[in-house]
Amino acid sequence: MDKQQREKEDEGALLYRFAHLVLPYLEPADLASVSATCKALHVVSKAITSRRISDACRYLENYPIPFFNSVDSELYPNSIYTPVQTLPTSPSIPSLCWGGDIGGGSGPVRRDPFVVRVEGAHGCDCESCGSNCPCVNFSRECGPSCGCGSECGNRLTQKGLSVKLKVVKDRRKGWSLCAADFIPKGKFICEYAGELLTTEEARNRQRLYDKISKSSSFSPALLVVKEHLPSGNVCMRINIDATRIGNIARFINHSCDGGNLCTLIVRSSGALLPRVCFFSSRDILENEELAFSYGDTTLNSTGSQCFCSSACCRGILPAEHT
Ligand SMILES: [Zn+2]
Ligand SMILES: [Zn+2]
Ligand SMILES: [Zn+2]
């Protein structure tokens, strides 16, 4: 091999290694343009794209949730994944690695679900939490202030996904979360994970999203859950924004008849903030779309069209007057 040939091969090897390190950080459009420049980069970006399509959760859940699209050319939607709720991040989120071959296969990395803890709070001291556990008796899950570990049976919603799901693109509704297997009634599906906002922040973002939605096909995922006292007064309001950063719950569409999911506000001992969790409200068949009611409080006349196709469809998506 002469010197020139060797140098050329070294260059090729370097480009290849470099591509494996850099390309997983690229946005879909940039990845596509890099892919078109040469054969080596095309091969690497093709592998990254297929890994991205194979798991919407970026290897952060117990098993992958693939994307399926037979209606148009969008391969996968791009947003940052978090398996648990987070505090608001700065507007410019640095790009994160997705679809690289390094780190895949190391198994799910569950992050602690509690962003804010109550210092000095008392949990239980059980060896094994059953009907005598004070947490169970106060209808809350065990949490950071309990003596029991992650194996405790009273931590149902803290162990990540336990049902098989997939994200399928619908011609009219866009990306939708569907069952990839039969799901019996009463099963924990997932948490609604995203950025936890104050009501003021939520209102500011809602105004911004309303503005953007008017000029583009932008789909915000800002959920407002209100807890009511028996008197009907709101006693607690949780604002979770999964638009830029969130988990697979952001793909759950609205259904005017309430769909097949119910939302439950779950509290845990020693955690300051409750979490919003989805459970199946009836048996769900394989391939069936998951849906819940986004709320019926105020119907905003500028809301988007609803395609839930339920018998009681109001034709327009509910929009909260925040
Ligand atoms: Zn206990
Ligand atoms: Zn426990
Ligand atoms: Zn406990």
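Everything numeric in this text was worked out from a predicted model, so none of it was measured.

A. Structural detail: the packing of aromatic side chains. For the structure shown, the criterion picks out six aromatic pairs. Judged by centre distance (5.6 Å) and plane angle (55 degrees), the rings of Phe-188 and Phe-279 are tilted. A residue pair is termed long-range when its members are at least 10 positions apart, and Phe-188 in strand β5 (residues 188–191) and Phe-279 in strand β12 (residues 275–280) qualify at 91 residues. Looking at Phe-188, the relative accessible area reads 5%, which means it is buried. In textbook terms, an aromatic cluster arises when at least three aromatic residues are bridged by ring pairs, as seen for Phe-67, Trp-175 and Phe-251. Above the ring of Tyr-63, the side-chain terminus of Lys-164 is found at 5.3 Å from the ring centroid. Positioned over the ring face of Phe-68 is Lys-166, at 5.8 Å from the centre of the ring.

B. Here's a closer look at the coordination of the zinc ion (ligand 3). At this site the zinc ion (ligand 3) is bound by Cys-124 (SG), Cys-135 (SG), Cys-142 (SG) and Cys-146 (SG), with donor distances of 2.3 to 2.4 Å. With four donor atoms in place around the zinc ion (ligand 3) and angles of 97 to 116 degrees between them, the coordination shape is tetrahedral. In terms of primary sequence, the donors binding the zinc ion (ligand 3) are separated according to C-x10-C-x6-C-x3-C. Taken as an interatomic distance, the gap from the zinc ion (ligand 3) to the zinc ion (ligand 1) is 3.6 Å; Cys-124 donates to each of them.

C. How the structure looks around the environment of Arg-6. Take Arg-6: it is sitting in helix α1 (residues 3–22). Of the residues examined, Arg-6 reaches a relative accessible area of 44% and is grouped as partly exposed. Residues Arg-6 and Gly-315 lie 309 residues apart in sequence; the distance between their C-alpha atoms is 66 Å.

D. Looking closely at the pattern of salt bridges. For the structure shown, the criterion picks out eleven salt bridges. Arg-275 is paired through a salt bridge with Glu-191; the nearest N and O atoms lie 3.2 Å apart. Remark: Glu-191 occurs in strand β5 and Arg-275 occurs in strand β12; sequence separation between them is 84 residues. Glu-191 shares its class with Arg-275; the two are buried. With its nearest N and O atoms 2.9 Å apart, the salt bridge here joins Arg-205 to Glu-195.

E. Main features of the packing of α1 against helix α3 (residues 39–54). Close contact between α1 and α3 brings their axes to 10 Å; oriented N to C, the two are set at 30 degrees. Accordingly, the angle class assigned to the pair α1 and α3 is roughly parallel. The hand of the α1/α3 crossing is right-handed. For the pair α1 and α3, the contacting residues are Leu-15, Tyr-16, Ala-19 and His-20 in the first and Ala-40, Leu-41 and Val-44 in the second.

F. Representation of the sheet that holds strand β7 (residues 222–228) in the model. Sheet architecture is open: three strands sit in the order β6-β8-β7, paired in antiparallel fashion. The outermost strands of the open sheet, each flanked by one partner alone, are β6 (195–197) and β7. Direction aside, neighbouring strands of the sheet carry axes that sit 25 degrees apart on average. As paired strands, β7 and strand β8 (residues 234–241) are joined by seven bridges and run antiparallel to one another. For Leu-223, the partnering residue across the bridge sits in β8 and is Ile-240. Lying over the sheet, helix α5 (residues 199–215) contacts β6, β7 and β8, oriented at roughly 50 degrees with respect to β8.

G. Expanded view of the domain arrangement of the protein chain. By domain assignment, the protein chain separates into domain 1 (3–54) and domain 2 (78–322). Between the C-alpha centres of domain 1 and domain 2 the distance comes to 36 Å. Contacts between the two partners involve nine residues from domain 1, matched on the other side by nine residues from domain 2. Taken together, both faces of the contact between domain 1 and domain 2 bury some 870 Å²; the carbon and sulfur share is 55%. Counting across the interface, domain 1 meets domain 2 through zero salt bridges. Between domain 1 and domain 2 we count five residue pairs in polar contact (both at pLDDT 80 or more) in total. Those elements that provide at least two residues to the side of domain 1 that touches domain 2 are α1 and α3. Class assignment for the residues of the side of domain 1 that touches domain 2 results in five nonpolar, one polar and three charged.

Cut-off values and rules
Residues take numbers from 1 onward in each chain, read along the sequence in its written order. For this description, chains carry letters from A and ligands carry numbers from 1, given in the order in which they are written. A pLDDT threshold of at least 70 governs which residues receive local features in this predicted model, and a stricter bar of 80 or more applies before side-chain atom pairs are shown or counted, although totals over entire chains, interfaces and linings include all residues. Calculation of side-chain values draws on the structure's entire complement of heavy atoms; hydrogens and water are dropped beforehand. By convention, a stacked pair of Phe, Tyr or Trp rings (six-membered ring in the case of Trp) has centres within 6.5 Å and planes under 30 degrees apart, an edge-to-face pair has planes over 60 apart, and any other such pair is tilted. Labels follow the DSSP assignment, with helices taken as runs of H or I lasting at least four residues and strands as runs of E lasting at least two, numbered in each case from the N terminus. For each residue, the accessible area found with a 1.4 Å probe, counting protein chains only, is set against the maximum for its type, and the residue is called buried under 20%, exposed over 50%, and partly exposed in between. The rule for a charge over a ring is simple: NZ of Lys or CZ of Arg within 6 Å of the ring centre, and within 35 degrees of the ring normal. Coordination here is defined by N, O and S atoms within 2.8 Å of the metal (3.2 Å for Na, K and Ca), and since water is not considered, a site can look incomplete. Between 85 and 135 degrees for all angles marks four donors as tetrahedral; over 155 degrees for opposite donors together with 65 to 115 for all other angles marks four donors as square planar and six as octahedral; every other arrangement is irregular. Every case where a carboxyl oxygen of Asp or Glu lies within 4 Å of a side-chain nitrogen of Lys or Arg is listed as a salt bridge. The axes are straight lines fitted to the C-alpha atoms, using for helices just the contacting stretch, and the angles between their N-to-C directions are given from 0 to 180°. Here is the rule for angles: anything less than 35 degrees is roughly parallel, anything more than 145 is roughly antiparallel, 65 through 115 is roughly perpendicular, and the remaining ranges are oblique. Crossing chirality is assigned from the near helix's rotation relative to the far helix, an anticlockwise turn below a right angle marking it left-handed and a clockwise turn marking it right-handed. Contacts are assigned to residue pairs that have any heavy atoms within 4.5 Å of one another. Only strands that DSSP links by at least two bridges are regarded as paired with each other. Throughout the structure description, domain borders are defined by an automatic or database domain assignment. For any pair of parts, buried area is found by adding up, for both, the accessible area (1.4 Å probe) each one loses once the two are put together. Pairs of N or O atoms within 3.5 Å make up the polar contacts considered here, provided that, within protein, one atom can donate a hydrogen while the other can accept it, and that residues adjacent in sequence are counted only when both atoms are side-chain atoms. As a working rule, the residues Ala, Val, Leu, Ile, Met, Phe, Trp, Tyr, Cys and Pro are called nonpolar, Asp, Glu, Lys and Arg charged, and the rest polar, with Gly in that last group.

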